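Listed below are the residues making up each chain.
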Amino acid sequence: MSDDVRAQARDHLWLHFTNHAGIAAGAELPVITRAEGAYLWDDKGRRFLDGLSGLFTANVGHGRPELADAAAKQIRELDFVPIWGRVHPRAAELAEALAARAPGDLNRVFFTNSGSESVESAWKIAKQYFKAIGQPGRYKVVSRNLAYHGTTHGALAITSLPPVRAQFEPLVPGAVKVPHTDLYRAPEHLGDEEAYGRWAADRIAEAIELEGPESVAAIFLEPVQNSGGVLPPPRGYLERVREIADRYGVLLVADEVTAGFGRVGDFFSINRYGVVPDIITAAKGITSGYIPIGATIVSDRVFEPFKKKENTFAHGHTFAGHPVAAAVALENLAIFEREKLNERVRDNEGAFRATLEKLHDLPIVGDVRGLGYFWGIALVKDKETKEAFGARERRGLIDQVLAPALLDEGLHARIDERGDVVVLLAPPTIIGQEEFDFIEQAVRAALTEVSGQGYGRD
Ligand code: PMP
């Protein structure tokens, strides 16, 4: 059966972000056939701890009968109607539920089907908002280096990763780039954490000045940046970005696609920092990934001009706010509340950190950073000098040793190499100390294998 699956995939399936040459040449594709709780099984019966929650999705764990039942019940009741000029109960209920959990006066929900569509929609909302309030010159967006905000043309312009952009230039004009933050790599001359945060935030002000404030619509950022290997903000940074946005009359968009819905112990990661954005983009964890839905959540102020007769938002997608997805999302939120999963993540944060910090005794581990159930273990060639692994040795280190070793240890994790080489962990919120220990042991064994193969200096 699975040999057939591999042949079918090799001959007909176009895998995402995957080079097909290796597959055509006979490299064996992993086939995952089953999932339950925090675990995945492959077609050979091997079990893996899902240290990536699918793709930052299965935040309540896999295989929940409650979510299956919610989908089945909704299909029997009302399979589908669009939310174009009419409504169905689940979309309205979910909009209210998301607004109730969003910070400040973010009370209006525009549904989408994915993170990219949420980001795309946020940019279009920002553009039309400024046209509607008499500032038609504002269309540009500021985003940070290394950041990933999606792959559709607008979202891709906001994404700052040259390898995923290059083939698709020219992109949507008006995307301006500023430095990301990485406390481990913060230049020493910039001073302490707060001074570094001030410096980084001020680069946004500088970019806005340079472009001309009257041309800038929004700042897009992830409160905890995923790409680059889990980069929490320096102390004071988000507060200062909020001030800068206000100073220049620019909207602040928090991209919560990855860090939202329990990942760091709140429905929205920006709540951990007490900052209120103007727009939130979300997807993935809204349904714990059981079925696609995304959302762009905007403040009362941003929605205000769209209440007027002359301002229809001429944008939408057939499946956005799908009744089945909305029903699953509502049950997913109910699970979060019944099982107090956000509280659980915050209560366990210290224990997870302490367990992973044991890895500091390995010569290859330069940094352990993160919060909640969102952690990055950054690998370096030389702990003293923080020398990073170079592009050429990364292929051998990652492809030949680290990736297979983690799987051999029974752990699905991501290896992010967009900045440093980072073992990235984002497990389901249901795990506890036993699984933290398993993860630490698995990463330790894999990294010991990497060092044993001559990567890094003792
Ligand atoms: N924004 C962020 C922060 C993301 O991490 C992602 C996807 N990983 C996206 C947007 C795009 O989401 P999607 O893949 O659902 O289009």
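First things first, this report covers the structure right here in the doc. (Residues numbered from 1 in each chain as written. Predicted model: local features only at pLDDT ≥ 70, side-chain atom pairs only at ≥ 80, totals over all residues. Heavy atoms only, no water.)

1. With respect to the overall build of the chain
Looking only at helices and strands, the chain has 15 helices and 15 strands in total. Here the C-alpha atoms of the chain give a radius of gyration of 22 Å, agreeing with the 23 Å that 2.2 N^0.38 yields for 458 residues. Seen through its principal axes, the chain has C-alpha atoms that stretch 65 × 60 × 45 Å. For the chain, buried positions account for 54% of its 458 residues. Partitioning the intrachain contacts of the chain with sequence separation of at least 6 by distance along the chain shows that 72% fall at a separation of at least 24. For the chain, the exposed area adds up to about 19,700 Å²; of that, 52% sits on carbon and sulfur atoms. (Helix = DSSP H or I, 4+ residues; strand = E, 2+ residues; numbered from the N terminus. Rg over C-alpha atoms; globule rule 2.2 N^0.38 Å. Buried < 20%, exposed > 50% of the residue type's maximum accessible area, 1.4 Å probe, protein only. Contact = heavy atoms within 4.5 Å. Areas by Shrake-Rupley, 256 points an atom, 1.4 Å probe, with all protein chains shown as cover.)

2. A closer look at the packing of aromatic side chains
Evaluation of the coordinates by the stated rule reveals 16 aromatic pairs. Judged by centre distance (5.5 Å) and plane angle (75°), the ring pair of Phe261 and Phe268 falls under edge-to-face. Between Phe267 and Phe336, the ring centres sit 5.4 Å apart and the planes meet at 55°, which makes this aromatic pair tilted. Of the two residues, Phe267 is situated in the loop between strand E8 (251-255) and strand E9 (279-282) and Phe336 in helix H12 (residues 323-338); the sequence distance between them amounts to 69 residues. Neither Phe267 nor Phe336 differs from the other in exposure class; each is buried. Through a chain of ring-to-ring contacts, the aromatic side chains of Phe110, Phe303, Phe306 and Phe313 assemble into a single cluster. Across the ring face of Phe303, the terminal group of Arg108 is positioned such that the distance to the ring centre comes to 3.9 Å. (Phe/Tyr/Trp six-rings, centres within 6.5 Å; stacked < 30°, edge-to-face > 60°. Lys NZ or Arg CZ within 6 Å of the ring centre and 35° of its normal.)

3. Structural notes on the sheet that holds strand E12 (residues 374-379)
Picture the strands of a sheet paired through backbone hydrogen bonds; they go either parallel or antiparallel. Spatial strand order, E11-E12-E15-E14: four strands in an open sheet with antiparallel pairing. Of all strands in the sheet, those with a lone pairing partner are strand E11 (365-371) and strand E14 (414-416), marking the two edges. Sheet twist, expressed as the average angle between the axes of neighbouring strands with direction ignored, equals 25°. Two elements, E11 and E12, share six bridges in a ladder whose sense is antiparallel. In the strand pairing of E12, Arg369 is matched with Gly376. On top of the sheet, helix H13 (residues 341-357) reaches E11, E12 and strand E15 (421-425); it is set at about 15° to E12, its chief contact. (Pairing = 2+ DSSP bridges. Axes fitted to C-alpha atoms, helices over the stretch in contact; angles between N-to-C directions.)

4. Quick word on the site of the ligand
Neighbouring the ligand are Ser114, Gly115, Ser116, Tyr148, His149, Gly150, Glu222, Asp255, Val257, Thr258 and Lys284. Thr258 is positioned such that a nitrogen or oxygen atom in its side chain is 2.5 Å from an oxygen atom of the ligand. A distance of 3.1 Å separates a nitrogen atom of the ligand from a polar atom in the side chain of Lys284. Protein contact buries 83% of the 390 Å² of open area that the ligand shows by itself. (Near = heavy atom within 4 Å. Polar contact = N/O pair within 3.5 Å; in protein donor to acceptor, adjacent residues only side chain to side chain.)

5. Remarks on the packing of helix H5 (residues 89-101) against H12
Between H5 and H12, the least distance of the axes is 8 Å, while the angle of their chain directions is 40°. When the axes of H5 and H12 are compared, the pair comes out oblique. Of the two elements, H5 crosses H12, and the hand of that crossing is left-handed. Only Pro323, Ala326, Ala327, Ala329, Leu330, Leu333 and Glu337 of H12 make contact with H5, whose side of the interface consists of Arg90, Ala91, Glu93, Leu94, Ala97, Leu98 and Arg101. (Parallel < 35°, antiparallel > 145°, perpendicular 65-115°, else oblique. Left-handed = near helix turned anticlockwise from the far one by under 90°.)

6. Focus: the pairing of strand E5 (residues 140-144)
The buried fraction of E5 is high, at five of five residues. Because side chains alternate across E5, one face comprises the buried residues Lys140, Val142 and Arg144, and the other comprises Val141 and Ser143, equally buried. As paired strands, E5 and strand E7 (residues 216-221) are joined by three bridges and run parallel to one another. The residue of E7 that forms the bridge with Lys140 is Val216. Where E5 lies against strand E6 (residues 175-178), four bridges are found, and the strand directions are parallel. Note that in E6 the partner of Ser143 across the bridge is Lys177.

7. What to know about the environment of Trp123
Its location among the elements puts Trp123 in helix H6 (residues 115-132). Taking the C-alpha atoms as reference points, Trp123 and Ile219, 96 residues apart in sequence, are found 9.8 Å from one another. With sequence-adjacent residues up to four places away left out, Trp123 is seen in contact with Tyr139, Val141, Gly154, Ala157, Ile158, Val172, Pro173 and Phe220.

8. Some points on the pattern of salt bridges
Per the stated rule, a full pass over the model turns up 36 salt bridges. The partner of Arg235 in a salt bridge is Glu194, and the shortest N-O contact between them spans 3.2 Å. On the criterion of sequence distance, the pair formed by Arg235 in the loop between E7 and helix H10 (237-248) and Glu194 in helix H9 (residues 193-211) is long-range, its members being 41 residues apart. The exposure class of Glu194 is partly exposed, given its relative accessible area of 38%. Across the salt bridge formed by Asp202 and Arg240, the nearest N and O atoms sit 2.9 Å from each other. (Salt bridge = Lys/Arg side-chain N within 4 Å of Asp/Glu carboxyl O.)

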